[in-house]
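Residues per chain, in single letters:
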Amino acid sequence: MKRRLPWGALARMTGRRALLAVPVLGAVTFGVFAVAAASPFDPVKAYTGTAGLTASQENLDQIRANLGVDQPLVTRWWDWITGALQGELGDSSVMRMPVADVIGERLGWSVLLAVTAFTVAVLLGTALGVLAARRRGGPLDRCACSAAYTLEAAPAFWLGLLAIWFFALQLGVLPAGGLTDTASDTVTFDQVARHLVLPAAVLGVSQTPWFFLYVRQGVGDALDEDAVRGARARGLAERTVLTGHALRAGMLPMLTLIGSRVPELITGALLVETVFSWPGIAAATVQAATAVDFPLLAALTVLATVAVLLGNLLSDLLYGLADPRVGFDG
């Protein structure tokens, strides 16, 4: 009998998480403003640049007032919150444009990179984990485990530099960075796809070890269970035993990784974007932090926090759908 999806329980869980997200986002944004206020960087100096060296104190004070950084911390934070609730994220002082435009121009490219890399990590980690679990202790298992533990300790930016040296400089088969070719004035699908290969592969490979180790352990344990041994004793094909029994049971622990890997994925994406000059939000994040750009910093932090909360919700929903014993109302 086909099991019906518990839409009511799904909706209740989503609603509870949405309510809990409100104070979390409020606390996170306040923390951003508090840290930025304590920063030694002066947003007025970052805004004026070299022109600020010869500007009068009166002009500097006027710029400070225009930027809103002359107000108390709580006032700046509350003004930003009330504006954001009305759809007004303010203007970025470092980018000299509305925050919504900054995010709109860059967010899509960051999402493309992150989704592609996440897909690579899940598929590669799952495939290697299943193959290693079938012959634990074999040559493939030992090589894959050694590579996984090595990659866990390897920073994403180091992997990026190594990939550029080998594939772009030594072999010359892939571009070293950017979104399009240097001489091109238009963005085409072919160019974006070619320029996406290296950053997505590097970010995906950097996330693969955790998926591989979880799948390997889960599938390996499932293969030792009595139910799987019974299926083999009944003469079922090895592929059926592996995909129909062991893989499903072994994949359950991996579902919890979807949420827990989101912060690491965001951090890795920022580093990879910087190394490969990918036109995502990395450059905007760095500039906003060094220039103490309050509105842009707060908006980018909210985006990252929402991504983490959605990742955790997605992992819980997938786990509950895959294992009916878990439920959604707990």
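The rules behind each value
Residues numbered from 1 in each chain as written. Predicted model: local features only at pLDDT ≥ 70, side-chain atom pairs only at ≥ 80, totals over all residues. Heavy atoms only, no water. Helix = DSSP H or I, 4+ residues; strand = E, 2+ residues; numbered from the N terminus. Expected span 1.5 Å × (residues − 1). Buried < 20%, exposed > 50% of the residue type's maximum accessible area, 1.4 Å probe, protein only. Axes fitted to C-alpha atoms, helices over the stretch in contact; angles between N-to-C directions. Left-handed = near helix turned anticlockwise from the far one by under 90°. Nonpolar A, V, L, I, M, F, W, Y, C, P; charged D, E, K, R; others polar. Contact = heavy atoms within 4.5 Å. Salt bridge = Lys/Arg side-chain N within 4 Å of Asp/Glu carboxyl O. Phe/Tyr/Trp six-rings, centres within 6.5 Å; stacked < 30°, edge-to-face > 60°. pLDDT = per-residue confidence, 0-100. Core = buried A, V, L, I, M, F, W, Y, C linked by side-chain atoms within 4.5 Å.

**Comments concerning helix α4 (residues 73-85)**
No. 1: Compared with the 18 Å implied by 1.5 Å per residue over 13 residues, the 19 Å span of α4 between its first and last C-alpha is a close match.
No. 2: Every buried residue of α4 is listed here: R76, W77, W80, I81 and G83.
No. 3: Positive phi appears at G87, one or two residues downstream of α4, with a value of about 85°.

**Considering the packing of helix α5 (residues 99-134) against helix α8 (residues 189-223)**
No. 1: Their axes nearest at 4 Å, the elements α5 and α8 cross at an angle of 35°. Like other packed secondary-structure pairs, α5 and α8 cross with a definite hand, here right-handed.
No. 2: Within the contact of α5 with α8, the residues separate by chemical class into 24 nonpolar, 8 polar and 2 charged.

**Considerations on the packing of α5 against helix α11 (residues 262-276)**
No. 1: Following both chains from N to C, one finds α5 and α11 inclined at 115°, their axes separated by 10 Å at the closest point. As α5 runs across α11, the sense of the crossing is right-handed. Here S110, L113, A114 and F118 of α5 lie close against α11, whose contacting residues are L265, A269, V272 and E273.
No. 2: Looking at side-chain class alone, the contact of α5 with α11 contains 6 nonpolar, 1 polar and 1 charged residues.

**Some remarks on the pattern of salt bridges**
No. 1: Enumeration over the complete set of coordinates arrives at 1 salt bridge.
No. 2: In this structure, R216 engages D141 in a salt bridge whose closest nitrogen and oxygen atoms are separated by 2.6 Å. Of this pair, R216 sits in helix α8 while D141 sits in helix α6 (residues 139-152), and the two are 75 residues apart along the sequence.

**Quick word on the packing of aromatic side chains**
No. 1: A complete count under the given rule lists 6 aromatic pairs for this structure.
No. 2: Judged by centre distance (5.3 Å) and plane angle (85°), the rings of F30 and W77 are edge-to-face. Placement of F30 in helix α1 (residues 7-38) and of W77 in helix α4 is noted, with a sequence separation of 47 residues between them.
No. 3: Taking the centre distance of 6.3 Å and the plane angle of 90° together, the rings of W109 and W278 count as edge-to-face. Highlighted residues: W109 in helix α5 and W278 in the loop between α11 and α12 (282-290), separated in sequence by 169 residues.
No. 4: Given the relative accessible area of 24%, W109 is considered partly exposed.

**Considering the environment of V173**
No. 1: Here V173 shows up in the loop between α7 (156-170) and α8.
No. 2: A residue is classified by how much of its surface remains accessible, and V173, at 48% relative accessible area, is partly exposed.
No. 3: Beyond its immediate chain neighbours, meaning those up to four positions away, V173 contacts F167 and R194.

**Some words on α11**
No. 1: With 15 residues, α11 should cover 21 Å at 1.5 Å per step; its first-to-last C-alpha distance of 20 Å lies within 8% of that length.
No. 2: A positive phi of about 55° marks S277, the residue just after α11.

**Regarding the environment of L255**
No. 1: Mapped onto the elements of the fold, L255 is located in helix α10 (residues 238-260).
No. 2: It is 9.4 Å that separates the C-alpha atoms of L255 and Y214, two residues lying 41 residues apart in sequence.

**Things to note about the confidence of the model for the protein**
No. 1: Chain-level pLDDT for the protein is 80 on average; 87% of the residues reach the 70-or-more range.
No. 2: Mean pLDDT values for the elements of the protein range from 69 in helix α2 (residues 43-48) up to 91 in α7.

**Re the nonpolar core**
No. 1: Membership of the largest hydrophobic core comes to 39 residues, with the highest contact counts inside it found for L113, L203, V219 and V272.
No. 2: Taken together, the elements giving at least two residues each to this core come down to α5, α7, α8, α10 and α11.
No. 3: The next biggest cluster of nonpolar side chains, apart from the first, holds 21 residues, and it includes W77, V102, I281 and V292.

**Quick look at unusual backbone geometry**
Glycine aside, residues mostly have negative phi, and peptide bonds are mostly found in the trans state.
No. 1: For S277, which is not a glycine, the phi torsion comes out positive at approximately 55°.
No. 2: Tracing the sequence through the fold places S277 in the loop between α11 and α12.

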